[in-house]
Amino acid sequence: MSSRESHIGRVLAVAVMLLSLCIPLNVSGQTDANMSQYWQTPSRFNPAAIGLTDFLRIRGGGRLQWVGIDNAPQTFSATADMPLKLFGKRIGVGAMFQQESAGLYHTLNVDVQGAYKFKKFGGEWTAGFQIGIFDQSFKGSEVYLPDDDDYHQGSDDAIPTTDIHGTTLDVGFGLWYQHPKFYAGLSGTHLNNPTVTMNSDSGTGGSETGMEKKYQFTAKRTLYFTAGCNIPIKNTLFEIIPSVLVKSDFTFTTGELTARCRYNKFLSAGLGYRFDDAIVVTVAAEIKNFFIGYSYDYATTAINRASSGSHEIVLGYSMKLDLGEKNKHRHKSVRVM
């Protein structure tokens, strides 16, 4: 790389990070499920973040949010991606699974992903697309309304009294730019504004008509921006890894800043701040081709009076792939990069 390209890369890295800090964060609120270790599973919210290395990468994580509060959100997600060569062009393929429960609601996302790559401006660009199912369910059979409730009646047709669920098509799109000095991604999930129609037999719900009830839930389009870079500390085995994630459904916006320190590509620890929500502490280890990371969120809002915090763990495995023309079916495991 020429000194001019290196200078441009440094300028762009600074510009991207400053831009991310200038994005207005007016209101915070949860749209898609939060994951504090977002940098480990970027394809969860950006389908272009696949096939970025010469590895088959598998990641799985679980999150217990607001421990101590009954029916608080619980999330499990898994991602897998790898690069391929097709007609002499490099592409990426991947899959994403995510399940979240919050109160009586349960949400399931299952997507397959594909991405096309090309090099420009000193780095690699990726355009990715995903398509899958969005499944929503509600445990109406567990609804409880006390007799002295002044706001609802047991016969309120707006409140399901049986278990209902529905499934619909869901699509997303993303762009990713990978530079030797930094990365940045912009993506959108639920771009078709998927609306789930959940059906229930009202004859079992107390209605005398026996007609079918229909309830609808719409997943809002959600926009994501993420960026980060690696800053080696000269003459040491340490590096500083700052990153940022901003997401908005155009009603609620939240952002997260993280700074991690990694030693010898082996051990790392960091601090993060999610706007008007929590302080995050993270530790992780990379052992050969395995990864394990843990994070703890301490709420900065009044919710900390009822909760002891949120816990999250992410496990990963990476396998080196040989994409050369010779011995193209061979592969071997190496240390996680």
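Residues numbered from 1 in each chain as written. Predicted model: local features only at pLDDT ≥ 70, side-chain atom pairs only at ≥ 80, totals over all residues. Heavy atoms only, no water.

1. Points about the overall build of the protein
Heads up, the condition is: Strands here are runs of E lasting at least two residues and helices are runs of H or I lasting at least four, both read from the DSSP assignment and numbered beginning at the N terminus. Relative accessible area decides the class of each residue, using a 1.4 Å probe on protein chains only: under 20% of the type maximum gives buried, over 50% gives exposed, and in between gives partly exposed. In what follows, residue pairs with any heavy atoms lying within 4.5 Å of each other are defined as contacts.
Tallying secondary structure elements over the protein gives one helix and 18 strands in all. Residues counted as buried form 43% of the 337 residues belonging to the protein. Long-range pairs, those at least 24 residues apart, make up 57% of the contacts in the protein with a sequence separation of at least 6.

2. Focus on the nonpolar core
Stated precisely, the cut-off is as follows: Throughout this description, the term nonpolar core refers to a set of buried Ala, Val, Leu, Ile, Met, Phe, Trp, Tyr and Cys residues connected via side-chain atoms within 4.5 Å.
Judged by nonpolar contacts, Tyr38, Trp39, Phe45, Ala48, Ala49, Leu52, Trp176, Tyr183, Tyr224 and Leu245 together constitute the single largest core of 10 residues. Filtering out sequence-adjacent residues up to four positions away, Tyr38 remains in contact with Phe45, Thr226, Ser243, Val244, Leu245, Glu256, Leu257 and Thr258. Membership of the second largest hydrophobic core comes to seven residues, among which are Phe134, Phe138, Met198 and Tyr215.

3. Things to note about a nonpolar patch on the surface
So the rule is basically this: Here a patch means residues that are over 30% exposed by relative accessible area and free of salt bridges, tied together within 9 Å if like-charged and within 5 Å if nonpolar (Val, Leu, Ile, Met, Phe, Trp, Tyr). The Shrake-Rupley method, run with a 1.4 Å probe, gives the accessible areas here. Residue values count only the displayed protein chains as cover. Every case where a carboxyl oxygen of Asp or Glu lies within 4 Å of a side-chain nitrogen of Lys or Arg is listed as a salt bridge.
Together, Ile231, Ile233, Leu237, Phe238, Ile240, Tyr263, Phe266, Leu267 and Ile287 make up a nonpolar patch on the protein surface, roughly 740 Å² of accessible area in all. Summarising the element assignment, Tyr263 is placed in strand β13 (residues 253-263).

4. What to know about the pairing of strand β17 (residues 309-321)
Rules: Pairing between strands is defined by DSSP: at least two bridges between them are needed.
Bridge count for strand β1 (residues 55-67) against β17 is 11 bridges, and the pairing is antiparallel. In the strand pairing of β17, Leu64 is matched with His311. Across eight bridges, strand β16 (residues 290-299) lies against β17 in antiparallel orientation. Opposite Ile292, over in β17, you have Leu315 as the bridge partner.

5. Looking at the environment of Leu191
Inspection of the secondary structure puts Leu191 in the loop between β7 (182-189) and β8 (195-201). Under the relative-accessibility criterion, Leu191 is labelled partly exposed at 37%. Discounting chain neighbours no more than four positions away, the residues touching Leu191 are Val171, Gly172, Phe173 and Arg221.

6. Thoughts on the packing of aromatic side chains
Stated precisely, the cut-off is as follows: A pair of aromatic rings is counted whenever rings of Phe, Tyr or Trp (Trp by its six-membered ring) have centres within 6.5 Å, and the orientation is called stacked for planes under 30 degrees apart, edge-to-face for over 60 and tilted otherwise. Lysine and arginine charges are scored as sitting over a ring when NZ or CZ, respectively, is within 6 Å of the ring centre and within 35 degrees of the ring normal.
One pass over the structure, following the stated rule, counts 12 aromatic pairs. Ring-pair connections join several aromatic residues into one group, and the members of that group are Tyr105, Phe134, Phe138 and Phe217. Its guanidinium or amino end placed over the ring of Phe121, Lys120 lies 6.0 Å from that ring's centre, counting from NZ or CZ. Geometry around Phe55 places Lys320 over its ring, the cationic atom sitting 5.4 Å from the centre.

7. Comments concerning the side chain of Asn109
Rules: A 3.5 Å cut-off defines polar contacts: any pair of N or O atoms within that distance qualifies, except that in protein one atom must be a possible hydrogen donor and the other a possible acceptor, and neighbouring residues in sequence count only when both atoms are side-chain atoms.
Inspection of the secondary structure puts Asn109 in strand β4 (residues 105-120). Within polar-contact distance, the side chain of Asn109 engages the side chain of Asp170 at 3.3 Å. Aside from chain neighbours lying at most four places away, what touches Asn109 is Met96, Phe97, Gln98, Ile133, Phe134, Asp170 and His190.

8. Describing the environment of Asn71
In this structure, Asn71 sits in the loop between β1 and β2 (74-86). Asn71 gets classed as exposed once you look at its relative accessible area, which sits at 56%. Measuring from C-alpha to C-alpha, the distance between Asn71 and Leu104 comes to 7.7 Å, with 33 residues separating the pair along the chain. Those residues within four positions of Asn71 in sequence are excluded, and the remaining contacts are Ala102 and Gly103.

9. Things to note about the pattern of salt bridges
The full count for this structure, using the stated rule, is 12 salt bridges. For the salt bridge of Arg262 with Glu239, the shortest nitrogen-to-oxygen distance reads 2.8 Å. You can see Arg262 sitting in strand β13 and its partner Glu239 sitting in strand β12 (residues 238-248), a full 23 residues away along the chain. An identical accessibility class is assigned to Arg262 and Glu239; each is buried. What emerges from the salt-bridge pattern is a single network uniting Arg63, Glu256, Arg274, Asp277, Asp297 and Glu312.

10. Quick notes on the environment of Thr254
Tracing the backbone through its elements, the reader meets Thr254 in strand β13. In this structure the C-alpha to C-alpha distance between Thr254 and Tyr224, which are 30 residues apart in sequence, comes to 10.0 Å.

11. Some words on the confidence of the model for the protein
Fine structural detail should not be taken from predicted coordinates in areas where pLDDT scores are low. Put simply, the rule is: Values of pLDDT, which run from 0 to 100, indicate the predictor's confidence residue by residue.
With 79% of its residues at a pLDDT of 70 or more, the protein has an overall mean of 83. Overall, residues 1-30 carries pLDDT values under 50, and its contacts beyond four positions in sequence, including any with other chains, amount to 42 contacts. For the stretch residues 327-337, pLDDT sits under 50, and the model shows 31 contacts to residues farther than four places along the chain or on other chains.

12. Here's the deal with unusual backbone geometry
Residue Asn71 is not a glycine yet carries a positive backbone phi of 60°. The residue Asn264 is not glycine, and still its phi comes out positive at about 55°. On the secondary structure map, Asn264 appears in the loop between β13 and β14 (267-274).

13. Brief notes about the pairing of strand β6 (residues 163-178)
Pairing of strand β5 (residues 123-139) with β6 involves 16 bridges; the strand directions are antiparallel. By the bridge assignment for β6, Glu124 is matched with Gln178. Pairing between β6 and β7: six bridges, direction antiparallel. From the neighbouring strand, Phe173 faces β7, where its bridge partner is Gly188. What sits between the antiparallel neighbours β6 and β7 is a turn of three residues.

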